[in-house]
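# An overview of the molecular structure
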Amino acid sequence: MPWFPSSRTAYLAIVAALLPLGGVAASASQPTARPTRIVSFNMCSDQYLLALADPDQIAGLTRNATNRELSAAADKVGHIHILSNAAEEVMAINPDLVVGAPARRGAMMGALAGQNYRTIELKSAESYADIVAQIRTVAAAVGHVGRGEALIARMDRALAALPKVGRGRVAAYYQRRGFLTGTGTLIDELMMRVGLINLAAKLGKPVLSQMSLEELLVARPDYLIVESATDRVTDQGTEMLHHPLLRHIPRLRIPQAWTVCGGPAYILAAESLARQLRARQ
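Residues numbered from 1 in each chain as written. Predicted model: local features only at pLDDT ≥ 70, side-chain atom pairs only at ≥ 80, totals over all residues. Heavy atoms only, no water.

### Focus: the sheet that holds strand β8 (residues 197–198)
The 4 strands are arranged β8-β6-β10-β11 in an open sheet whose pairing can be described as parallel. If you trace the sheet from one side to the other, it starts and ends with β8 and β11 (251–254), each paired once. Examined bridge by bridge, strand β10 (residues 223–227) and β11 share 4 bridges and lie parallel to one another. Looking at the pairing, L224 lines up with R251 of β11. (Pairing = 2+ DSSP bridges. Helix = DSSP H or I, 4+ residues; strand = E, 2+ residues; numbered from the N terminus.)

So this is what it looks like as structure tokens:
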């Protein structure tokens, strides 16, 4: 898991990416007719569909699709239908492609079981390579292979142009309640792309760990990377990030919506980190 979800909503979003739905799993190599009633059951698949499918192909997105704090593609939703949590609604649509899966194995799951909808299952992206593979899978499934390849080419060019402005300095991706993101994650990969060293890697921490303020001060990172929403104190978790002991550590800020899912927003996060580092030199 590349990050620690800061709310129940975000937690359900990533769990949804890991749960299967009854049906036929499709791959990028399967030639199929272009679908016209695509339904997304996951916030991350919402964003892939908005980037790769035509709007009139999409019959339904999740309720999180318009949440700007969680979805980097919220501004692209427009008049696309937002689904409720009712299985009957999905069955009425009779989708010819389902991307993602429900976050809960409850009544909705039971009602949809056995419907044999054509299904694309997307796991949590742990690297840029995972993102590229998912773009190709979704692009093929929605009938826009060329669009997917063009998006990948743009992302490749953007990443190739990133300067290593971190110059080997150490950064900690520090979140609410002192959670620290480790190696093998999108965040860790983002740091490496801009020339930063992940404090969690330096200390041999696991993918996700907790670090007290005192431990963080002893470790002396050069930067803290934080979610931009934590600039405001909204709860005890965000209040911790405003402790006077942390005031002397420079901060790099990126929106949660750019890291909560793999996808095109990965580039936005990388470019933002590079710009902020350059501005501090």
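### Regarding helix α7 (residues 186–193)
Counting buried positions over the 8 residues of α7 gives 6, a clear majority of the element. Taken together, the buried positions of α7 are L186, I187, D188, E189, L190 and M191. G195 sits one or two positions beyond α7 and adopts a positive phi of about 85 degrees. (Buried < 20%, exposed > 50% of the residue type's maximum accessible area, 1.4 Å probe, protein only.)

### A closer look at the pairing of β10
Taking burial as the measure, the 5 residues of β10 include 5 buried ones, the bulk of the element. Burial along β10 is two-sided: the face carrying Y223, I225 and E227 and the face carrying L224 and V226 are both buried.

### Concerning the state of the cysteines
Counted by the stated rule, this structure contains 1 disulfide. Disulfide partner of C44: C261, at an S-S distance of 2.0 Å. Because the torsion about its S-S bond is -75 degrees, the bridge between C44 and C261 counts as left-handed. Here C261 lies in the loop between β11 and α11 (265–279) and C44 lies in helix α2 (residues 43–52), a separation of 217 residues in the sequence. (Disulfide = S-S within 2.5 Å.)

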